[in-house]
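Letter by letter, the chains look like this.
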Amino acid sequence: MAIPSSAARATCGVVLGGCLVPLDAAALAAAGGARAVGGVVPGARAWRDRLLDSVVRVHVRRLERWLGRPVGLPVAPARRARYLAVRLVVGLTSLGVVLLLAYGVLAAVLMIASWAFDARVPALSNDEGEPTTGLTILSAAVPGVLLLYLAVMGLVGAAALERAAAARYLGTDDRAELVSRIESLVASRAGIVAAVEAERRRIERDLHDGAQQHVVALGMLVDRSRRAVDDDAREALLAQAADETDRLLASVRDVAWSVHPTVIDTQGLRPVLGRLAARAAPRARLDFRLAGRVPAAVEACVYYVVAESLTNVAKHARASCADVVVTPGDGEVSVTVSDDGVGGAGMGAGRGLAGLAARAGALGGTFEVRSPAGGPTVVRAVLPCG
């Protein structure tokens, strides 16, 4: 038969928890004894763990069935023992409230029966042995209602204590989850700041080593052409300046692409990753399975993962081939870059892979590198699209 309301279900759960107090006490006593002789009697600790597991499972079932609290089962036996110890105190409180409520209901029933049927109940009759009168009932109504209210609030509090104990020892406490989330966000923010700083230094280095050198060379060629007397020499210097201008534009374009290729916004990831794979050394094979567009932040992160990974392959892996695979998932995008090189890649401080991990973490995704000595190396990021 279905329980009519959540309050009635919670009451049943609290009453059942009070009835389980002897079981909790016996389990704790037996577990303590098994721990005391664990170093002497073989198998005592395993027997203790099975006992704690069985008793806690009874409470897990009760919590899920009557108190509406889905919980897990802690792996560590110490957490199970701590839960049962706290549960013993909560159970004794619940049992006391239930007994007080039962006594009050019984006293009220007997008092009304004594008044209605002119019966003499020894526990309720006055000194002359006369039955309870209406005046007696009226005089007991006010404190009786007050005690009933306190008993009901005691049941509510006992149910709250049951849920709090379960959240603390058998499941994930909301506060603990919030603290963990805040710590994760703080770590992600620090990682993003470090990644942005590393990216800024890389762009500065690329401009200094690439574009700036071309600008200096271009300025020298133009200056020489202005001072040239022979027309043929001037034309040759201007031709060299034009070639240097093309190289300068290519260098600036490469730096801009390393920051964020604008073609991603207009055409999507496929052409950008195709160009990266075609220019990679060794040339990479691209397996792109996304049918549509994903959020811009996710596309940018996928691009950075592929670009940085292929750069590492070219610089360090000594590989003969590389593979780039981009696949959709259940509300997520997975990008994998693998090579057959010598391995040994890591995410130490200041490395590009650490920056990729920070980018993926900031989007709520995961990033992993598997690169044993001797290879192969597999870099994989999974990014949510929601």
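Not measured: the values here are computed from a predicted model.

Parameters and conventions
- Residues numbered from 1 in each chain as written.
- Predicted model: local features only at pLDDT ≥ 70, side-chain atom pairs only at ≥ 80, totals over all residues.
- Heavy atoms only, no water.
- Phe/Tyr/Trp six-rings, centres within 6.5 Å; stacked < 30°, edge-to-face > 60°.
- Lys NZ or Arg CZ within 6 Å of the ring centre and 35° of its normal.
- Buried < 20%, exposed > 50% of the residue type's maximum accessible area, 1.4 Å probe, protein only.
- Helix = DSSP H or I, 4+ residues; strand = E, 2+ residues; numbered from the N terminus.
- Pairing = 2+ DSSP bridges.
- Axes fitted to C-alpha atoms, helices over the stretch in contact; angles between N-to-C directions.

Draft legend 1. Spatial organisation of the packing of aromatic side chains. All chains considered together, the criterion is met by one aromatic pair. Over the ring of Tyr 304 we find Arg 359, and its NZ or CZ is 4.0 Å from the ring centre.

Draft legend 2. Molecular detail of the pairing of strand E5 (residues 377-384). A large share of E5 lies buried, amounting to six of its eight residues. The pairing of strand E3 (residues 332-339) with E5 spans eight bridges and is antiparallel. Opposite Asp 339, over in E5, you have Thr 377 as the bridge partner. Here five bridges tie strand E4 (residues 366-370) to E5, and the two strands are oriented antiparallel to one another. When the bridges of E5 are listed, Glu 368 appears paired with Arg 380. Between E4 and E5, which follow one another and run antiparallel, lie six residues, and Gly 374 among them has a positive phi close to 95°.

Draft legend 3. Broad picture of the sheet that holds strand E2 (residues 322-328). Read from one edge to the other, the open sheet built from five strands follows the order E1-E2-E3-E5-E4, with strand pairing classed as mixed. On the outer flanks of this sheet lie strand E1 (284-288) and E4, each paired with one strand and no other. Taking the axes of each pair of neighbouring strands and ignoring which way they run, one obtains an average angle of 10° across the sheet. Across five bridges, E1 lies against E2 in parallel orientation. Looking at E2, one finds that Phe 288 is bridged to Val 326.

Functional significance is not addressed by these values, which are geometric in nature.
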